[in-house]
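What follows is the residue order along each chain.
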Amino acid sequence: MSDPRPIGIFDSGVGGLTVVSEIGKLLPREEIIYFGDTARVPYGTKSKETVTKFSVENIEFLMEHDVKMVVVACNTASSLSLNFLKRCFRVPVIGVIEPGAKSAASVTRNNRIGVIGTHATISSGAYEKAVKKISSELRVFSQSCPLFVPLVEEGWLGEKVTLEVASIYLGSLKRKRIDTLILGCTHYPLLKDVIRKVMGGSIVLIDSARSVAEETQGVLDANGLLNSSRGKRRHRFFVSDEPDRFIKLGMRFLKRRIECVRRAA
Ligand code: DGL
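Each chain has its residues counted from 1, running along the sequence as written. In keeping with the predicted nature of the model, local features appear solely for residues at pLDDT of at least 70, side-chain atom pairs appear and are counted solely at 80 or more, and the whole-chain, interface and lining totals rest on all residues. To obtain the side-chain values, all non-hydrogen atoms of the structure were included, while hydrogens and water were left out.

## Looking at the environment of G158
- Position of G158 relative to the elements: it lies in the loop between α7 (148-153) and α8 (160-175).
- You can call G158 exposed: its relative accessible area is 59%.
- In this structure the C-alpha to C-alpha distance between G158 and D193, which are 35 residues apart in sequence, comes to 7.7 Å. Helix and strand assignments come from DSSP, with helices taken as H or I runs of at least 4 residues and strands as E runs of at least 2, each series counted from the N terminus. Summary of the burial criterion: residues with accessible area below 20% of their type's maximum are buried, those above 50% are exposed, and those between are partly exposed, where the area comes from a 1.4 Å probe applied to protein chains only.

## Concerning the layout of surface pockets
- Using a 1 Å grid laid over the protein atoms alone, points where a 1.4 Å probe fits but cannot get out form a cavity; open sets with protein on both sides within 12 Å along at least 5 of 7 lines form a pocket; any residue with an atom within 4 Å of a point counts as lining. Grid points are joined across faces, edges and corners, and a volume is the space filled by probe spheres set on the points. Approximately 540 Å³ is the volume attributed to the largest pocket.
- As for the largest pocket, its lining consists of 23 residues, and the residues nearest its centre are S78, L82, N83, E98 and A126.
- Breaking the lining of the largest pocket down by element, the ones donating at least two residues are α3 (75-88), α4 (97-107) and α6 (126-134).
- If you tally residues by element for the lining of the largest pocket, the top one is α3, at 8 residues.
- We call Asp, Glu, Lys and Arg charged. Ala, Val, Leu, Ile, Met, Phe, Trp, Tyr, Cys and Pro are nonpolar, and the rest, Gly among them, are polar. Within the lining of the largest pocket, the residues separate by chemical class into 10 nonpolar, 6 polar and 7 charged.

## Notes on the packing of helix α2 (residues 48-64) against α3
- Direction vectors running N to C along α2 and α3 enclose 70 degrees, while the axes themselves pass 9 Å from each other. Accordingly, the angle class assigned to the pair α2 and α3 is roughly perpendicular. As α2 packs across α3, the resulting crossing turns out to be right-handed. Contact with α2, carried on its side by K48, V51, T52, S55, V56 and I59, involves T76, A77, L80, S81, F84 and L85 of α3 and no other residues of that element.
- By residue class, the composition of the contact of α2 with α3 is 7 nonpolar, 4 polar and 1 charged. Lines fitted to C-alpha atoms define the axes here, with helix axes fitted over just the stretch in contact, and angles between the N-to-C directions of these axes take values from 0 to 180 degrees. For classification purposes, an angle smaller than 35 degrees is called roughly parallel, one larger than 145 roughly antiparallel, one from 65 to 115 roughly perpendicular, and anything else oblique. Here is the rule for handedness: rotate from the far helix to the near one, and if that takes an anticlockwise turn smaller than a right angle the crossing is left-handed, while a clockwise turn gives right-handed. Contacts are assigned to residue pairs that have any heavy atoms within 4.5 Å of one another.

Shown next as C-alpha cells:
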C-alpha cells in the first residue's frame, strides 16, 4: 500500500521548519504542507484556551489540503493542546513533547534533566509529566526563557547580550547539576552554541526534531500511510501574514531558500 497524500505540519511561525528539515531527510518520498501562523505568533505568552483555538483552526486548514497526518511542531501548542487535538481529528496527530522526553530519558546518565521553553510550555508541566511517565526516578528542572525567541528572530545568535541573557536564565539550572537539557522550543536549537558556553561542553542538548521525524515515520508505517511512489514531490508552505519575513527568517531555520510560500486565504 502507498499513500501519496501530504503530511501536515504547523507551528506558530517559522520555528517548525526545523521539523520540516528532519522529516524531509528521513522521509524523502513524503510531501509536506506547512502552515506557519505568523499573524498570531507568539503562542508562548498566550492561554491554553487561545492556543487550542488557534491550533484547531490550523489543523482545519491543513485538512483542507487532504493531509494524512498532522505534526504539531510547536512546543507550546503540543504542551497545551495535543490531547484535545488528537480527539478532534480523524487523522493521527503527534506533537514534539513525547519524542523529546524519550530522547532525554535515554541519554541522561545522572537522571537529572533540564527543560527550557516558553512561559506557557514550562508552566504547563508537559515535559515534566512526559519524562516522569518514562521513569519516576528521573528528576526534571525547568526554566522558561521568553527572551530567546525574539533574540533568535533578530538573528542575534552569538551576541554579547544573548550570552548575558542565557547566563541569567540558565544559571539556576547549571547549579542543579543536570547532564541533559531539552530545548523545548522551536527556536532554541539555533542558540546551541551560546547554551553550551553557559552550561559547559559536556551537557547533552536534546533537539527533538530528529525524534519527531522518527515518530512520524513510525506512525505512518503503523497505519499503512507511507508513500512508496517515486514521483517528484514538492513541499508547500502557507503563512497567515505576508510571506516576506517568513522567507527571510526561514532560511535561518531550514538552511536553504524556501520556495513557494503563500498567504493562506
Ligand atoms: N513555536 C513556539 C514554541 O515552540 C515558539 C514561538 C512562540 O511563542 O510562538 O513554543
